[in-house]
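Structural description and commentary
Read off the chains here:
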Amino acid sequence: MRAAIIGAGLGGLLAANVLAKKGYKIDVFEKLPFAGGRFTNLNYKGFELTTGALHMIPHGKRGPLGQLLKKLDVKVEILDSKPEGEVLYKDDRKELTKKVAPLRTLMKFYAKSLAYRLFKKDFYLEKFQKSIDEFSSKFLDAFLGWSLSITPNEILFSKFLKIYQQTMKFRGPGIPVGGCKAVIDALIENLKSYDGNVYLRKKVEKIAVKNSKAKGVFVKNQKKSYDLIISNLGHVEAQKLIGRDYLNADLKESRGIKYSIALRQPYLNHTGVLFTLNTSRISGMNEVTNADPNLAPNGRHLLMAHQPMLTTNVKYEIYLGLKDLKRILKSYDYEILAIQSYFDGWPVNRVKAGMDVGIETPYKNLFVVGDGAKGDDIEVDGIALNIFRLGDEV
Ligand SMILES: Cc1cc2nc3c(=O)[nH]c(=O)nc-3n(C[C@H](O)[C@H](O)[C@H](O)COP(=O)(O)OP(=O)(O)OC[C@H]3O[C@@H](n4cnc5c(N)ncnc54)[C@H](O)[C@@H]3O)c2cc1C
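Bear in mind the structure is a predicted one, so any value in this text is a computation, not a measurement.

1. Points about the sheet that holds strand E11 (residues 213-219)
On the basis of which strands lie adjacent, the open sheet formed by 3 strands has the order E10-E11-E12 and antiparallel pairing. The sheet terminates laterally at strand E10 (204-210) and strand E12 (222-225), the two strands that pair on one side only. In this sheet, neighbouring strand axes are inclined to one another by 35° on average, regardless of whether the strands run parallel or antiparallel. Bridge count between E11 and E12: 4 bridges; the pairing is antiparallel. Looking at E12, one finds that Val-217 is bridged to Lys-224.

So this is what it looks like as structure tokens:
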């Protein structure tokens, strides 16, 4: 049995490894000259910046991605963050524990969760946000902005509840030693041990379908036949490659801006996330060099900050983000190495968290993986959740 994977992003490479382990002969086609998509490193002046992600795995080694890598015997060292997080509120930094939120707000959340379980009446998280104290409300904005690049009016309570449950079950983040690229390199190495191929600079132009079955892919005008086809590009792009629409939903991407900052002295001094509450845009920061000093030149630190894009005016968003950073880092000697904006064909997520429609398509032998078809969890852990499902279905 032969399988074609369209795209060598994290989702595509995870799918490739799962299927190779099941005995499929794998060909991965990647249009760019490098593998990893939005989850790999970009070396700049000795700093390991990234094509997308903040070098973080939302639930560290315990979560769905950590478990999947272990199951696949893919060798990646993930350092769990300690503390998991802090909050910066009114110029004061506090460790993130359940105790930072007022008990009344927690009780309200549990009451809403119970009511949802009993009556299944759903509503946008914004409605709940309006009923709580200022600190918790700002924390919700920062958590969603950092973890999912969305705001509380974009996610249903039921979907947020699932993400909350996953977070309580698997806890906070971790950083792969070597950064995102270490995960990608290890997946490619493992795939090669099954004689799988990764072809770079090979854009898939079309998915061939006949009688509701996917039959193959066209690369450089040549048809290649396969028993199974996995698209790592999301459902919207899959439709375009097929030439027919099958979606009944309007799937929207999430957008954001990332700042990579060089420091001589560490600002965070730990491996967790700092959620920033009194800002107009920046929702959080991490300092990955506290986990792996090799992600920056000797004696330097790499701080990464992230904001969701709340308007379509990129320049304005960056202006507000830089203003936040200036205030937060006022007594630090820092250099902005890069400002990267993520939208359109290179977004934060191809589908906003909570709006995913699953991995199936109406075509037999064609599945969609990656952040255009996540499970109910944060970012790459959501991707991994649905790769487990792919493994069960195939
Ligand atoms: C700023 C930012 C910060 C983030 N931070 C984190 C984080 O810290 N932790 C986390 O868990 N997640 C994070 N994410 C999200 C995470 O990076 C993405 O969800 C994940 O990398 C998406 O992987 P993917 O495989 O679905 O897609 P992609 O990485 O986009 O892979 C798709 C691949 O397909 C290729 N391709 C496209 N069209 C074709 C074609 N026709 N033929 C062949 N190849 C094609 C592309 O070139 C690409 O390599 C972040 C994202 C951004 C942008």
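Next comes the rest of the write-up.
2. With respect to the pattern of salt bridges
Applying the stated criterion to the full structure yields 23 salt bridges. A salt bridge links Lys-352 to Glu-154, with the shortest nitrogen-to-oxygen separation between them at 2.5 Å. Of this pair, Lys-352 sits in the loop between strand E18 (334-342) and strand E19 (366-368) while Glu-154 sits in the loop between helix H5 (134-147) and helix H6 (157-170), placing them 198 residues apart in sequence. Salt bridges sharing partners connect three or more residues here, namely Arg-38, Arg-350 and Asp-371.

3. Some words on the site of the ligand
In the vicinity of the ligand there are 35 residues, among which Glu-30, Arg-38, Met-56, Arg-350 and Asp-371 approach most closely. Within the backbone of Leu-10, one N or O atom sits 3.1 Å away from an oxygen atom of the ligand. The backbone of Gly-11 places a nitrogen or oxygen atom 2.8 Å from an oxygen atom of the ligand. The fraction of the free accessible surface of the ligand (1000 Å²) that becomes covered by protein chains is 96%. At the level of elements, helix H1 (10-21) and helix H10 (379-393) are the ones that each hand at least two residues to the shell around the ligand. At 3 residues, the largest contribution of residues to the shell around the ligand is made by H10. Split by residue class, the shell around the ligand holds 16 nonpolar, 10 polar and 9 charged.

4. Things to note about the packing of helix H3 (residues 103-119) against H6
Where H3 meets H6, the closest approach of the two axes is 11 Å, and the angle between their N-to-C directions is 115°. The pairing of H3 with H6 is recorded here as roughly perpendicular in orientation. Every pair of crossing elements has a handedness; the one defined by H3 and H6 is left-handed. On H6, the residues that touch Phe-109, Tyr-110, Lys-112, Ser-113, Tyr-116 and Arg-117 of H3 are Phe-157, Ser-158, Phe-160, Leu-161, Tyr-164 and Gln-165. For the contact of H3 with H6, the residue count by class is 7 nonpolar, 3 polar and 2 charged.

5. A look at the environment of Asn-197
Looking at the element boundaries, Asn-197 is found in strand E9 (residues 197-199). Look at Asn-197 and you get partly exposed, because its relative accessible area is 25%. Apart from the residues within four sequence positions on either side, Asn-197 is in contact with Lys-25, Ile-26, Asp-27, Val-28 and Leu-191. Reaching out from Asn-197, the side chain makes a polar contact with the side chain of Asp-27 at a distance of 3.0 Å.

6. Some thoughts on the nonpolar core
Ranked by size, the top nonpolar core spans 61 residues in total, and within it Leu-10, Leu-14, Ile-26, Leu-69, Val-217, Ile-229 and Ile-230 carry the most contacts. Sort the elements by how many residues they give to this core and H1 lands first, with 8 residues. Sequence-distant contacts of Ile-26, that is, excluding residues within four places in its chain, are made with Ala-3, Ile-5, Ala-16, Leu-19, Ala-20, Leu-191, Gly-196 and Asn-197.

7. Re the side chain of Thr-276
Turning to its location among the elements, Thr-276 is positioned in strand E15 (residues 273-276). Looking at Thr-276, its side chain comes within polar contact range of the main-chain nitrogen of Gly-284, at 3.4 Å. Dropping the residues within four chain positions of it, Thr-276 is found in contact with Leu-88, Ala-142, Ile-282, Ser-283, Gly-284 and Ile-328.

8. Considerations on the environment of Phe-29
Here Phe-29 lies in strand E2 (residues 25-29). On the basis of relative accessibility, which here comes to 3%, the residue Phe-29 falls in the buried class. Distance in space between the C-alpha atoms of Phe-29 and Arg-201 is 7.8 Å, their sequence separation being 172 residues.

9. Section: a nonpolar patch on the surface
Taken together, the side chains of Leu-103, Met-107 and Tyr-110 make up a nonpolar region of the molecular surface, amounting to roughly 320 Å² of accessible area. Secondary-structure assignment places Leu-103 in helix H3.

10. Overview of the side chain of Glu-86
Summarising the element assignment, Glu-86 is placed in strand E6 (residues 85-89). Dropping the residues within four chain positions of it, Glu-86 is found in contact with Arg-93, Lys-94, Glu-95, Leu-96, His-270, Val-273, Leu-274 and Phe-275.

11. Some words on unusual backbone geometry
Of note, the amide linkage connecting Lys-82 to Pro-83 takes the cis form, showing an omega dihedral of -5°. Within the secondary structure, Pro-83 is located in the loop between strand E5 (78-80) and E6. Its identity as a non-glycine residue notwithstanding, Ser-212 has a phi of 60°, on the positive side. Structurally, the position occupied by Ser-212 is in the loop between E10 and E11. Backbone geometry places Lys-220, a non-glycine residue, at a positive phi of 50°.

12. What about the sheet that holds E6?
One open sheet accounts for 7 strands, arranged E7-E6-E15-E16-E17-E14-E18; its pairing is mixed. Either end of the sheet is taken by a strand with one partner, and the two such strands are strand E7 (92-95) and E18. When the angles between neighbouring strand axes are averaged without regard to direction, this sheet yields 20°. Bridge count for strand E14 (residues 256-263) against E18 is 8 bridges, and the pairing is antiparallel. Bridging from a neighbouring strand, Leu-263 pairs with Tyr-334 of E18. Against the sheet, H5 contacts E6, E15, strand E16 (284-287) and strand E17 (301-308), and its axis sits at roughly 125° relative to E15. The strands that helix H9 (residues 314-328) touches are E6, E14, E15, E16, E17 and E18; relative to E14, the one it contacts most, it runs at about 35°.

What counts, and at which threshold
- Residues numbered from 1 in each chain as written.
- Predicted model: local features only at pLDDT ≥ 70, side-chain atom pairs only at ≥ 80, totals over all residues.
- Heavy atoms only, no water.
- Pairing = 2+ DSSP bridges.
- Helix = DSSP H or I, 4+ residues; strand = E, 2+ residues; numbered from the N terminus.
- Axes fitted to C-alpha atoms, helices over the stretch in contact; angles between N-to-C directions.
- Salt bridge = Lys/Arg side-chain N within 4 Å of Asp/Glu carboxyl O.
- Near = heavy atom within 4 Å.
- Polar contact = N/O pair within 3.5 Å; in protein donor to acceptor, adjacent residues only side chain to side chain.
- Areas by Shrake-Rupley, 256 points an atom, 1.4 Å probe, with all protein chains shown as cover.
- Nonpolar A, V, L, I, M, F, W, Y, C, P; charged D, E, K, R; others polar.
- Parallel < 35°, antiparallel > 145°, perpendicular 65-115°, else oblique.
- Left-handed = near helix turned anticlockwise from the far one by under 90°.
- Contact = heavy atoms within 4.5 Å.
- Buried < 20%, exposed > 50% of the residue type's maximum accessible area, 1.4 Å probe, protein only.
- Core = buried A, V, L, I, M, F, W, Y, C linked by side-chain atoms within 4.5 Å.
- Patch = residues over 30% accessible without salt bridge, like charges linked within 9 Å, V, L, I, M, F, W, Y side chains within 5 Å.

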